[in-house]
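# Residue-level structural notes
Each chain, written out:
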Amino acid sequence: MFNNNKKHPEATISLDPNRIPEHIAIIMDGNGRWAKKRHLPRIAGHRQGMETVKTVTKAASKLGVKVLTLYAFSTENWKRPKDEVNFLMGLPVKFFNNFVPELIENNVKVSVMGIVDELPQPTQKAVYDAIAQTSDCTGMILNFALNYGSRLDIRMAVRQIANEVKENAISVSDINDDLISRHLMTGFLNQYADPDLLIRTSGEERISNFLLWQIAYSELVFTKTLWPDFDGETLKEMIRDYQKRDRRFGGLNQEE
Ligand code: FPP
């Protein structure tokens, strides 16, 4: 499960083009440690992390990934020092201000999941503008989890379903996995709602309240690489690991 990442031992990694994960979700971790190693303030790590988002978005889109979900800010991240939170809230503004033309060039459509109306006004505007500007793109969906928490996601879905039952719009027996999936914040992704591959960088091996329902059968890959050092080749290494896995979804292989 653990990927040791010897900074690209092979020149280029060859992948099976027929087994590219359709939905990749990433917990981008290690910005602070990247900065600390360089005696820089933590925000320098986040700034470099934003550059990595650009690189990885282009690489994933080129590989034919359908959905790239990035955990950019969790419902727990508000506990960080105010200056750091402010900087993180400014990142989507910086990112979309200069990267939307390239997103359009690459046919990438932006989406956001989380409680957007709790974000500062300029962040909300940047997000909604980017969604509108890329709405005609038909390629990869770049889905930012911003002010997102999976327990919140599940809690909101449960409340919504309970209300629908109360209003007799559905009956209790209508509640099945598919109905729950459609009520979660990833519901709009339809057949791609569940990630095939979940990556966490920086050596931590935790899920940290990310997509708890949706990762039931995801392949998990952890790498020691810090997010600002992650690049297109690292992404390919993660996909190569994924392609070695035998996905059975609780069943057996045909030969077994
Ligand atoms: C975790 O690293 C990272 C974050 C909480 C922020 C992630 C945000 C980015 C990578 C940039 C997002 C870009 C856009 C466009 C929204 P950490 O700070 O916890 O690192 P540490 O564990 O080493 O301290």
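Look up: the structure comes first, before these words.
Owing to the predicted nature of the structure, the values given are computational and were not obtained by experimental measurement.

### A few points about the pairing of strand β5 (residues 141-148)
- Within β5, eight of the eight residues are buried, which leaves it mostly tucked inside the rest of the structure.
- Sheet topology note: the strand β3 (residues 67-74)/β5 ladder contains seven bridges and is parallel. Bridging from a neighbouring strand, T69 pairs with N143 of β5.
- Alignment of strand β4 (residues 109-113) against β5, held across five bridges, turns out to be parallel. Across the sheet, residue K109 finds its bridge partner in β5, namely I141.

### A word on the packing of aromatic side chains
- Summed over all chains, the structure comprises 10 aromatic pairs.
- Between Y71 and F210 the ring centres are 4.1 Å apart and the planes differ by 10 degrees, which places this aromatic pair in the stacked class. Separated by 139 residues along the polypeptide, Y71 in strand β3 and F210 in the loop between β6 (197-200) and β7 (219-223) bring together distant segments of the chain. This pair shows no difference in class: Y71 is buried, exactly as F210 is.
- Judged by centre distance (5.7 Å) and plane angle (90 degrees), the rings of F96 and F144 are edge-to-face. In this pair, F96 sits in helix α3 (residues 82-105) while F144 sits in strand β5, placing the two residues 48 residues apart along the sequence.
- On the accessibility criterion, F96 (5% relative accessible area) is buried.
- For F144, a relative accessible area of 8% translates into the label buried.

### Quick look at the side chain of N147
- Looking at the element boundaries, N147 is found in strand β5.
- Here the side chain of N147 touches W78 through a polar contact of 2.9 Å, side chain to side chain.
- Of note is the side chain of N147, whose polar atom sits 3.0 Å from the side chain of E118.
- Once residues within four sequence positions are removed from consideration, N147 is found in contact with F73, S74, T75, W78, G114, I115, E118, L119 and L152.

### Details of the environment of G139
- Within the element layout of this structure, G139 appears in the loop between α4 (121-133) and β5.
- The sequence separation of G139 and N106 amounts to 33 residues, and the corresponding C-alpha distance is 7.6 Å.

### What to know about α4
- The end-to-end C-alpha distance of α4, which contains 13 residues, comes to 18 Å, matching closely the 18 Å that a straight helix rising 1.5 Å per residue would cover.
- Looking only at α4, the buried set comprises T123, Q124, A126, V127 and A130. Buried residues of α4 fall within an arc of 165 degrees about the axis and therefore sit on the same side. The outward face of α4, more than 90 degrees from its buried face, is lined by the exposed residues Q121, P122, K125 and A132.
- At its buried positions, α4 is contacted by α3, β4 and β5.

### A look at the packing of α3 against α4
- Interhelical geometry of α3 versus α4 gives an angle of 15 degrees and a closest axis separation of 8 Å. Taken together, the axes of α3 and α4 are roughly parallel relative to one another. Remark: the crossing between α3 and α4 carries left-handed chirality. Side by side, α3 and α4 meet where M89, P92, V93, F96, V100 and I104 of the first sit next to P122, T123, A126, V127, A130 and Q133 of the second.

The rules behind these values
- Residues numbered from 1 in each chain as written.
- Predicted model: local features only at pLDDT ≥ 70, side-chain atom pairs only at ≥ 80, totals over all residues.
- Heavy atoms only, no water.
- Buried < 20%, exposed > 50% of the residue type's maximum accessible area, 1.4 Å probe, protein only.
- Helix = DSSP H or I, 4+ residues; strand = E, 2+ residues; numbered from the N terminus.
- Pairing = 2+ DSSP bridges.
- Phe/Tyr/Trp six-rings, centres within 6.5 Å; stacked < 30°, edge-to-face > 60°.
- Polar contact = N/O pair within 3.5 Å; in protein donor to acceptor, adjacent residues only side chain to side chain.
- Contact = heavy atoms within 4.5 Å.
- Expected span 1.5 Å × (residues − 1).
- Arc of directions from axis to C-beta.
- Axes fitted to C-alpha atoms, helices over the stretch in contact; angles between N-to-C directions.
- Parallel < 35°, antiparallel > 145°, perpendicular 65-115°, else oblique.
- Left-handed = near helix turned anticlockwise from the far one by under 90°.

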